[in-house]
Amino acid sequence: MSAQPPTAQGDPAARAAALREQLARYNHEYYVLDAPSVPDAVFDQVLRALQDLEAAHPELITPDSPTQRVGAAPAAGFASVPHAVPMLSLSNAFSDDEVLGFDRRVREALGPLLADDEPVAYTAELKYDGLAVSLRYERGVLALAATRGDGASGENVTANLRTVRAVPLRLRGSAVPELLEVRGEVLMYKADFERLNLGQRQAGEREFVNPRNAAAGALRQLDPAVTARRPLRFLAYGLGELRGAPEPATHAELLDWLRELGLPVGAERELLHGPQALLGFYRRMQARRAELPYDIDGVVYKVNRREWHERIGYVARAPRFALAHKFPAEEAVTELLDIEIQVGRTGSLTPVARLRPVFVGGTTVSNATLHNEDEIRRKDLLIGDAVVVRRAGDVIPEVARALVEQRPPADSPSFAARWRRFVMPTQCPVCGSAAVREEGEAAWRCVAGLSCPAQRKQALLHFAQRRAMDIEGLGEKLVDQLVEAGLVQSPADLYRLDAAQLAGLDRMGEKSAGNLLAAIEASRRPTLARLLFALGIRHVGEEVARQLAGAYPDLPALMAAPWPEIQARKAEIQKENARRRPRGEPLLPVPLEGIGPEIIDSLQRFLAEPHNREAIAQLLAAGVEPQPGGQFAQDGAAIPAAAAGPLAGLSFVITGTLPTLAREAAAERIRAAGGTVSGSVSRKTRFLVAGEAAGSKLARAVELGVPVLDEAALLAMIESPQAPGASESSP
Ligand code: 9MJ
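Residues numbered from 1 in each chain as written. Predicted model: local features only at pLDDT ≥ 70, side-chain atom pairs only at ≥ 80, totals over all residues. Heavy atoms only, no water.

Some thoughts on the overall build of the chain
So, point 1. Per the secondary structure count, the chain includes 26 helices and 24 strands.
So, point 2. Here the C-alpha radius of gyration of the chain, 36 Å, is well above what a compact globule of 731 residues would show, namely 27 Å.
So, point 3. For the C-alpha atoms alone, the extent of the chain along its principal axes is close to 105 × 80 × 65 Å.
So, point 4. Here the chain holds 731 residues, and the buried ones make up 47% of them.
So, point 5. The contacts in the chain between residues at least 6 apart in sequence include a share of 66% that link residues at least 24 apart. (Helix = DSSP H or I, 4+ residues; strand = E, 2+ residues; numbered from the N terminus. Rg over C-alpha atoms; globule rule 2.2 N^0.38 Å. Buried < 20%, exposed > 50% of the residue type's maximum accessible area, 1.4 Å probe, protein only. Contact = heavy atoms within 4.5 Å.)

Set out below in structure tokens:
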């Protein structure tokens, strides 16, 4: 990619024109076509070439040169400018009914223009959450940019809009109208907003609250050089004054034409017929809201035929031929009434915000998790604060921030009456046991384990949930009662419940008791994976549980697994693979591949706890029969010492080249026979299997007195039913 078209080499004027044309094309590809052809660095390089050329030939500078985007600040703030055609706002709808009403009124206004069974054609587009502006192009050159203001006149923000690269300084094509006023929205893309805030954070500056606020702030900068550093965009959606060109007949054609003239137009627009199609568009866009590159606060419907617009008319300052169908607001302000502590299944103490109920994101929110004490400090939340609650799409509601500016001074009587700082308790609020915050952890934990009723309840709910043991009907209220009545201490107790015990509980009729007992009964034969997940071992989610169930035949095998050895062997294999990878040699299969040291550590701790082992034993004793959850893992690392087979409990190391078996094949045979294979010789190694060219491992085995086998001896051991050790030999 050359910055110097060869034809323009000699003549500076022609070269400047060619560079400008090139830069305009890059901008157009980037902002209008959404298909950049060159990296940003090339744009910058071409821009610099033009700057150099203009510095050497100042007489060549034109007002629409891309070097002239950042100009001088307006002398006395923003001047007021009248709009030649008023900038309208839109009527809002929040419900399906209101959309049906809109369509009905449109039909009534059109009267005989529409056949009885003919649906109205609408363009549906997105409602960008930015700031409306009007751009005035005179003979194709950007002459004026104004905010909406009160609709009749706005502020002159030309100097700032000129810095927005998505706004062409000159329209494209040969059929440019004498005068064009285009209406659209200035906004900031979400990714650009995140980058901007990252920069603010790194510079120790105040972060922006959301893309819309950041865009509004940028637009109202008195110094256009500041605006130029904020990544603003523009999307066109309407027409103001037009001279010297015929008006497009439909809104869809208008948008196409604006795009041809080089203006960015949103991609998500559809031509739809009748109100049901509009509602479908609304729901589709609502579902896609989070994945769009910019924030939208709804969709907009416009009668497609522009010649009908005047006939349909206006109410106040809003057209009756268009409607904004808004999404439920994602943010609302309410009061942080209190912060309470919830005790989780693993004892974690989670602060939860109790909020004055507020309607946000389509539901009423009265609680929101605050995650941990650091989060409360980071957000500088005080009980009593006015807070912004956010619920975007289906995500759980969160307290986005406090309106700190609404707090009275800390020494005032009104502050003392309502505000207070939250202090994390050092005791479990449910059982009173000590709470500790471990090194490197964000959460405080109650140390009482399952003797804490809160943890017991959470553990039972986890055990019973659909993705675990799937005991239908065993919900929060019932678990509370069962635990409080002392009927259920651990999961195994569920399997000993009877109708007489249940009859004593609140709101427990004969029928519900029967249903519950049947649901418990039906859960007696879970897959091993489900049972493992149901046990609620920290870091053992569904996927890890599935992997474990694939590697072990049953629970006793898992409980007897030699975890330190497995971990050591994994580390060795990973080291060996790290050596092989750069050489392109085949990699060894890694045992329990997705199960990292943190998980193994957690499993080991869980299984080392006598009360956990007891809980498992009781489940099995109570008649829970886990079904094998999958195949044995190929690598067999997880086959425990207690597994059956002639080599059960024996550990092997293989070294050198064996006469017939590849090393990994020999390892598989050993594991299939119940033995384990490790990568290095230690005192715990029971046998070394050595082949041709065995080196340091053989020396080490001899040194430690570890018996050495050849391949034939190994195979004999595997095939022989007799006790191992009988066929020892030296190579
Ligand atoms: C927004 N905000 O995205 C209009 N708008 O049309 C769209 N606003 C509008 N159209 C007439 N897509 C007045 C305002």
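Moving on from the coordinates now.
Quick word on helix α21 (residues 563–580)
Since the α-helix turns once every 3.6 residues, residues separated by three or four places project in the same direction.
So, point 1. Taking 1.5 Å per residue as the helical rise, α21 with its 18 residues ought to reach 26 Å, and the 25 Å between its terminal C-alpha atoms agrees with that figure.
So, point 2. Those residues of α21 that fall on the buried side of the exposure criterion are Trp-563, Ile-566, Arg-569, Lys-570, Ile-573, Asn-577 and Arg-580. In an axial view of α21, the angular spread of the buried residues amounts to 125°, which keeps them on one side of the axis. Exposed side of α21, more than 90 degrees from the buried face: Pro-564 and Lys-575 are the residues found there.
So, point 3. Those residues of α21 that are buried lie in contact with α19 (542–551), α20 (555–559), α22 (597–608), α24 (663–672) and β22 (676–678). (Expected span 1.5 Å × (residues − 1). Arc of directions from axis to C-beta.)

Points about unusual backbone geometry
So, point 1. A positive phi angle, close to 45°, is found at Arg-139, a residue other than glycine.
So, point 2. Note that Arg-139 resides in the loop between β4 (131–138) and β5 (141–147).
So, point 3. Of note, the phi angle at Ala-693 is positive, near 60°, even though the residue is not glycine.
So, point 4. By secondary structure assignment, the location of Ala-693 is in the loop between β23 (687–690) and α25 (696–704).

Here's the deal with the site of the ligand
So, point 1. The environment of the ligand is formed by Leu-88, Leu-90, Glu-125, Leu-126, Lys-127, Tyr-128, Glu-185, Tyr-237, Val-300 and Lys-302.
So, point 2. Within the side chain of Glu-125, one N or O atom sits 2.9 Å away from a nitrogen atom of the ligand.
So, point 3. Listed by contribution, the elements that provide at least two residues to the shell around the ligand are β3 (121–128) and β10 (296–303).
So, point 4. Per-element tally for the shell around the ligand: the top contributor is β3, with 4 residues.
So, point 5. Broken down by class, the residue content of the shell around the ligand amounts to 6 nonpolar, no polar and 4 charged. (Near = heavy atom within 4 Å. Polar contact = N/O pair within 3.5 Å; in protein donor to acceptor, adjacent residues only side chain to side chain. Nonpolar A, V, L, I, M, F, W, Y, C, P; charged D, E, K, R; others polar.)

Description of the domain arrangement of the chain
So, point 1. If you check the domain split of the chain, you get domain 1 (12–68), domain 2 (92–326), domain 3 (331–418) and domain 4 (641–731).
So, point 2. Between the C-alpha centres of domain 1 and domain 2 the distance comes to 27 Å.
So, point 3. Note on domain 1 versus domain 2: buried area summed over both sides is about 1,200 Å², and carbon and sulfur give 48% of it.
So, point 4. Per-residue buried area on domain 1 facing domain 2 is highest for Tyr-31, Val-32 and Asp-64; these three make up 53% of the total on that side.
So, point 5. The tally of links between domain 1 and domain 2 comes to 1 salt bridge.
So, point 6. Remark: the boundary between domain 1 and domain 2 carries 5 residue pairs in polar contact (both at pLDDT 80 or more).
So, point 7. The element contributing the most residues to the side of domain 1 that touches domain 2 is helix α1 (residues 12–32), with 7 residues. (Domains from an automatic or database assignment. Buried area = accessible area lost by both parts, 1.4 Å probe. Salt bridge = Lys/Arg side-chain N within 4 Å of Asp/Glu carboxyl O.)

Notes on the nonpolar core
So, point 1. Ranked by size, the top nonpolar core spans 56 residues in total, and within it Ile-471, Leu-494, Tyr-495, Leu-548, Tyr-552 and Trp-563 carry the most contacts.
So, point 2. Broken down by element, this core gets its largest block of residues, 6 residues, from helix α18 (residues 528–534).
So, point 3. One finds Leu-171, Val-186, Leu-196 and Leu-261 within the second-largest nonpolar core, a separate group that totals 39 residues. (Core = buried A, V, L, I, M, F, W, Y, C linked by side-chain atoms within 4.5 Å.)

Here's the deal with the packing of α21 against α22
So, point 1. Between α21 and α22, the shortest axis-to-axis distance is 10 Å and the interhelical angle comes to 170°. The pairing of α21 with α22 is recorded here as roughly antiparallel in orientation. Contacts from Trp-563, Pro-564, Gln-567 and Lys-570 of α21 reach α22 at Pro-597, Ile-600, Leu-603, Gln-604 and Leu-607.
So, point 2. Broken down by class, the residue content of the contact of α21 with α22 amounts to 6 nonpolar, 2 polar and 1 charged. (Axes fitted to C-alpha atoms, helices over the stretch in contact; angles between N-to-C directions. Parallel < 35°, antiparallel > 145°, perpendicular 65-115°, else oblique.)

As for the state of the cysteines
So, point 1. One pass over the structure, following the stated rule, counts 0 disulfides.
So, point 2. Here Cys-446 is not disulfide-linked; the sulfur of Cys-431 is the nearest cysteine sulfur, at 3.6 Å.
So, point 3. Judged by its relative accessible area of 4%, Cys-446 falls in the buried class. (Disulfide = S-S within 2.5 Å.)

A word on the pairing of strand β7 (residues 179–188)
So, point 1. Along β7, 10 of the 10 residues are buried, which leaves the element largely enclosed by surrounding structure.
So, point 2. The pairing of β7 with strand β8 (residues 232–243) spans 9 bridges and is antiparallel. Directly across from Met-188, in β8, lies its bridge partner Leu-232. (Pairing = 2+ DSSP bridges.)

Overview of the sheet that holds strand β2 (residues 92–93)
So, point 1. Spatially, β2-β13-β10-β3-β9 is the arrangement adopted by the 5 strands of the open sheet, whose pairing is mixed. Edge strands, defined here as strands with exactly one partner in the open sheet, are β2 and β9 (270–273).
So, point 2. Bridge count for β10 against strand β13 (residues 322–326) is 5 bridges, and the pairing is antiparallel. Considered in β13, the bridge of Val-300 is made with Ala-324.

Thoughts on the sheet that holds β22
Strand pairing in a sheet relies on backbone hydrogen bonds. The paired strands run either parallel or antiparallel.
So, point 1. Spatially, 4 strands are ordered β22-β21-β23-β24 in an open sheet, and the strand pairing comes out parallel. Whereas interior strands pair on both sides, the edge strands pair on one side only; in this sheet they are β22 and β24 (708–709).
So, point 2. Sheet topology places strand β21 (residues 651–655) next to β22; 3 bridges connect them, and they run parallel. Note that in β22 the partner of Val-653 across the bridge is Ser-678.

Considerations on the pattern of salt bridges
So, point 1. If you walk through the whole model with that rule in mind, you get 54 salt bridges.
So, point 2. Between Arg-283 and Asp-96 there is a salt bridge, and its shortest N-O distance comes to 2.6 Å. You can see Arg-283 sitting in helix α9 (residues 275–288) and its partner Asp-96 sitting in helix α3 (residues 96–110), a full 187 residues away along the chain.
So, point 3. Asp-96 gets classed as partly exposed once you look at its relative accessible area, which sits at 28%.
So, point 4. The salt bridge involving Asp-192 is made with Arg-195; its shortest N-O contact spans 2.8 Å. Of this pair, Asp-192 and Arg-195 both sit in helix α5 (residues 190–202), 3 residues apart, roughly one helical turn.

A look at the packing of α3 against α9
So, point 1. The contact between α3 and α9 brings their axes to 10 Å, and the two run at 140°. Between α3 and α9, the interaxial angle falls into the category oblique. Here the hand of the crossing between α3 and α9 comes out right-handed. When α3 is examined against α9, the residues Asp-96, Val-99, Leu-100 and Asp-103 are found in contact with a partner set consisting of Pro-275, Gln-276, Leu-278, Leu-279 and Arg-283. (Left-handed = near helix turned anticlockwise from the far one by under 90°.)

Observations concerning the packing of aromatic side chains
So, point 1. Inspection of every chain in the model, using the stated rule, returns 11 aromatic pairs.
So, point 2. Between Tyr-128 and Tyr-237, the aromatic rings sit 6.4 Å apart at their centres with planes inclined by 25°, giving stacked as the arrangement. Note that Tyr-128 is positioned in strand β3 and Tyr-237 in strand β8, a separation of 109 residues in sequence.
So, point 3. In this structure Tyr-128 comes out as buried when scored by relative accessible area, which is 6%.
So, point 4. Their ring planes at 10° and their centres at 5.8 Å tell us that Phe-415 and Trp-419 sit as a pair that is stacked. Residues Phe-415 and Trp-419 agree in their burial class; the two are buried.
So, point 5. Put simply, the rings of Tyr-128, Tyr-189, Tyr-237 and Tyr-294 touch in pairs and so form one group of aromatic residues.
So, point 6. Sitting over the ring of Phe-43, Arg-165 keeps its end group 3.6 Å from the ring centre.
So, point 7. Seen from the ring of Tyr-189, Arg-233 lies directly overhead, with NZ or CZ sitting 4.0 Å from the centre. (Phe/Tyr/Trp six-rings, centres within 6.5 Å; stacked < 30°, edge-to-face > 60°. Lys NZ or Arg CZ within 6 Å of the ring centre and 35° of its normal.)

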